[in-house]
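# Structural description and commentary
Single-letter residue listing:
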Amino acid sequence: EALERMAAWEGTLACVHAESAEINLRAIARVKGSGRDGLAAWEEANPSIAEVEAIQRAALYAERTEMPVYFVHLSGRDAVTALDRVRTHWPRAYGETCPHYLFHNVETSPPAVKFSPPVRHREDNEALWDALARGRLDCVGSDNAPTLWSAKQGTVWDVVRGGPGAGVLLPVVLSEGVNKGRLSLERAVEVTSTNAARIFGLYPRKGTIQVGADADLTLVDLRLEKTVSREIFGTWSDYNLYSGVTLKGWPVMTMIRGRLIM
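Residues numbered from 1 in each chain as written. Predicted model: local features only at pLDDT ≥ 70, side-chain atom pairs only at ≥ 80, totals over all residues. Heavy atoms only, no water.

A separate point is the overall build of the protein. Secondary structure assignment for the protein yields ten helices and seven strands. In terms of overall dimensions, the protein is globule-like: its C-alpha atoms have a radius of gyration of 19 Å, near the 18 Å expected for 262 residues. Along the three orthogonal principal directions, the C-alpha set of the protein runs to about 60 × 45 × 30 Å. Of all intrachain contacts in the protein linking residues separated by at least 6 positions in sequence, the fraction that spans at least 24 positions is 67%. Accessible surface, the protein: about 13200 Å² in total, of which carbon and sulfur atoms supply 53%. Of the side chains in the protein, 30 bear a positive and 32 a negative charge, and the two mean positions are spaced by 2 Å. (Helix = DSSP H or I, 4+ residues; strand = E, 2+ residues; numbered from the N terminus. Rg over C-alpha atoms; globule rule 2.2 N^0.38 Å. Contact = heavy atoms within 4.5 Å. Areas by Shrake-Rupley, 256 points an atom, 1.4 Å probe, with all protein chains shown as cover. Lys, Arg positive; Asp, Glu negative; His and termini not counted. Charge placed at Lys NZ, Arg CZ, Asp CG, Glu CD.)

Printed below as a string of structure tokens:
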């Protein structure tokens, strides 16, 4: 019903968090009831099939109502495969992943890295980088959700979901993507700027450098190395999920409509 109403407005885009609540609620009850804790337990309690089912269901509704649909924060290989499948029937389906799904995983990350959908496994990290490089995913979004460190204490069942992610998006893409050979610099520009401008109807005013476009420009130094700390970004959050990690490749100047802001 929501998509039918949205379809009446030209240029509208449906942004969908694709997880089946029915699958997840049963899985959470089962895994939590077993007494398990930690990030791996949270991932098992929010299985990838919940994403797959929801992607297929939302795409079916989008196709029926002729609505473009943008799937936010896809977490791994199975979600990308599901997006491939639905695009054969409804090509106006788009997909995004986030820095935490590209960097964090249940093998190496602490319970504070709790998101919905959850971060998954190392092979999912690599599958997402490959999907970005091959055009199977369109964008990298921050899923920025600032919280305080006090909300990240306790068992994985107690920890609040989300975390600050906006400031680290471009450094992760440059460091772990471009500088490690997973993405070309041109592809990094596409997945962090151009594609979003096109999908959300802002191109060519945004997402390109040409006469008549807004002079929104970011200069980066691909050789600059910094160790992440909360102080670098100055956000409301009193922590950062990448603290202590050294990333290579940082923005050094930002302009908005020709005005220097950083």
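Picking up where we left off.
With that out of the way, let us pick up the sheet that holds strand S3 (residues 93–97). Across the sheet, which stays open at both edges, the four strands sit in the order S1-S2-S3-S4 with parallel pairing between neighbours. At either margin of the open sheet sits one strand with a lone partner, and together these are strand S1 (14–16) and strand S4 (139–140). The pairing of strand S2 (residues 69–71) with S3 spans three bridges and is parallel. Paired with Tyr70 across the two strands is Tyr94, which belongs to S3. (Pairing = 2+ DSSP bridges.)

Take the pattern of salt bridges next. Enumeration according to the criterion identifies 14 salt bridges in this entry. Close ionic contact of Arg87 with Asp138 constitutes a salt bridge, the shortest N to O distance being 2.5 Å. With Arg87 in helix H5 (residues 77–87) and Asp138 in the loop between helix H7 (122–134) and S4, this pair connects stretches of sequence that are 51 residues apart. The residues Arg87 and Asp138 share a single accessibility class, namely buried. A cluster of three or more residues bridged by salt bridges with shared partners is formed by Arg205, Lys206, Asp214, Asp216 and Arg257. (Salt bridge = Lys/Arg side-chain N within 4 Å of Asp/Glu carboxyl O. Buried < 20%, exposed > 50% of the residue type's maximum accessible area, 1.4 Å probe, protein only.)

Next up on the list: the sheet that holds strand S5 (residues 217–227). Read across the open sheet, the three strands follow the order S5-S6-S7; overall the sheet is antiparallel. Lying at the two open borders of the sheet, with one neighbouring strand each, are S5 and strand S7 (259–260). Looking at chain direction, S5 and strand S6 (residues 246–256) are connected through eight bridges and run antiparallel. Residue pairing for S6: Leu217 is matched across the bridge by Met255. In this fold helix H8 (residues 169–178) packs onto S5 and S6, with an angle of close to 135 degrees to the strand it touches most, S6. (Axes fitted to C-alpha atoms, helices over the stretch in contact; angles between N-to-C directions.)

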